[in-house]
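Survey of secondary and tertiary structure
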Amino acid sequence: MSRLTLIDPANATGERRQLLDAIHGAFGATPAMFRTVAHSPAALRAMWSAFGALGGGTLGARLGEQIAVRVADLNGCAYCLAAHTALGRKAGASAEEMAAAQAGESADPRTQAALRFAGALVERRGHVHAQEVQALRDAGFDEEATVEILAHVALNLFTNYVNVAFDVPVDFPAVALRRPAPVAA
């Protein structure tokens, strides 16, 4: 059960209501994560704006979703793993490609480089090596795309932390984490 109440969009007002209406329009429903973040209209605005901005970036939806499942698995976020697996499938990735991305793997060298870099960012809290940035260049990513990969990781850290910290109920088809999530003491 969620550690915070889920905001009921029907009872929301002002900016909170406008944002939840926009989210509902995009998804056809209002996912629990957004209903949780809606406790803070500022946080909800930041999150929703970041999704919109990165959705219009150079990486494309498919790679963005593959990065998201990699980050979710590393952080033990069952909610984001489920949501982004579904969104990745909608963006054209196969179930096998999404499962591979979750493990940090891809048959496509460019995607593989992005997943490795994303994994390194998460595992070492941003302390990546120069050769890891060079590996992105070697795979065909320019500096704009390199910064966008980092931005996708940062946004997914935010969403992972929301869902894990507040135990947001998963409202997408469940996907098994590759390793068990850490248990809070």
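The structure contained in this document is the topic of the report that follows.

Before going further, it helps to spend a moment on the pattern of salt bridges. Enumeration according to the criterion identifies five salt bridges in this entry. Here Asp21 makes a salt bridge to Arg17, at a shortest N to O gap of 3.3 Å. You can see Asp21 and its partner Arg17 sitting in helix α1 (residues 14-27), four residues apart, about one turn around the helix. Among the ionic pairs, Glu132 bridges to Arg124, the shortest N-O distance being 2.3 Å.

Before going further, it helps to examine the side chain of Glu65. Position of Glu65 relative to the elements: it lies in helix α4 (residues 61-75). Nearest to the buried, unbridged Glu65 among oppositely charged side chains is Lys90, at 9.4 Å. Those residues in contact with Glu65 that sit more than four places away from it in its chain are His84, Leu87, Gly88 and Met98.

Of note in this structure, Arg125 is not a glycine but carries a positive phi near 50°. Structurally, Arg125 can be placed in the loop between α7 (109-123) and α8 (130-138). You will see that Asp167, though not glycine, has its phi angle at about 50°, which is positive. The class for Asp167 is partly exposed, based on a relative accessible area of 36%.

A few words now on the packing of α4 against helix α6 (residues 95-102). Running from amino to carboxyl end, α4 crosses α6 at an angle of 45°, the nearest separation of the two axes being 7 Å. On the basis of the axis angle, α4 is oblique to α6. Taken as a pair, α4 and α6 cross one another with a handedness that is right-handed. Contacts between α4 and α6 involve Arg62, Glu65, Gln66, Val69, Arg70 and Asp73 from the former and Glu97, Met98, Ala101 and Gln102 from the latter.

With 14 residues, α1 extends 20 Å from end C-alpha to end C-alpha; this agrees with the ideal 20 Å at 1.5 Å per step. The set of residues buried in α1 consists of Leu19, Leu20 and Ile23. Axial view of α1: buried residues confined to an arc of 95°, hence all on one face. In this structure, α1 carries Gln18 and Gly25 as exposed residues pointing more than 90 degrees from its buried face. On its buried side, α1 packs onto α2 (32-37) and α3 (41-55). With its phi angle positive at about 80°, Gly28 sits one or two positions after the end of α1.

Calculation notes
Residues numbered from 1 in each chain as written. Predicted model: local features only at pLDDT ≥ 70, side-chain atom pairs only at ≥ 80, totals over all residues. Heavy atoms only, no water. Salt bridge = Lys/Arg side-chain N within 4 Å of Asp/Glu carboxyl O. Helix = DSSP H or I, 4+ residues; strand = E, 2+ residues; numbered from the N terminus. Buried < 20%, exposed > 50% of the residue type's maximum accessible area, 1.4 Å probe, protein only. Lys, Arg positive; Asp, Glu negative; His and termini not counted. Contact = heavy atoms within 4.5 Å. Axes fitted to C-alpha atoms, helices over the stretch in contact; angles between N-to-C directions. Parallel < 35°, antiparallel > 145°, perpendicular 65-115°, else oblique. Left-handed = near helix turned anticlockwise from the far one by under 90°. Expected span 1.5 Å × (residues − 1). Arc of directions from axis to C-beta.

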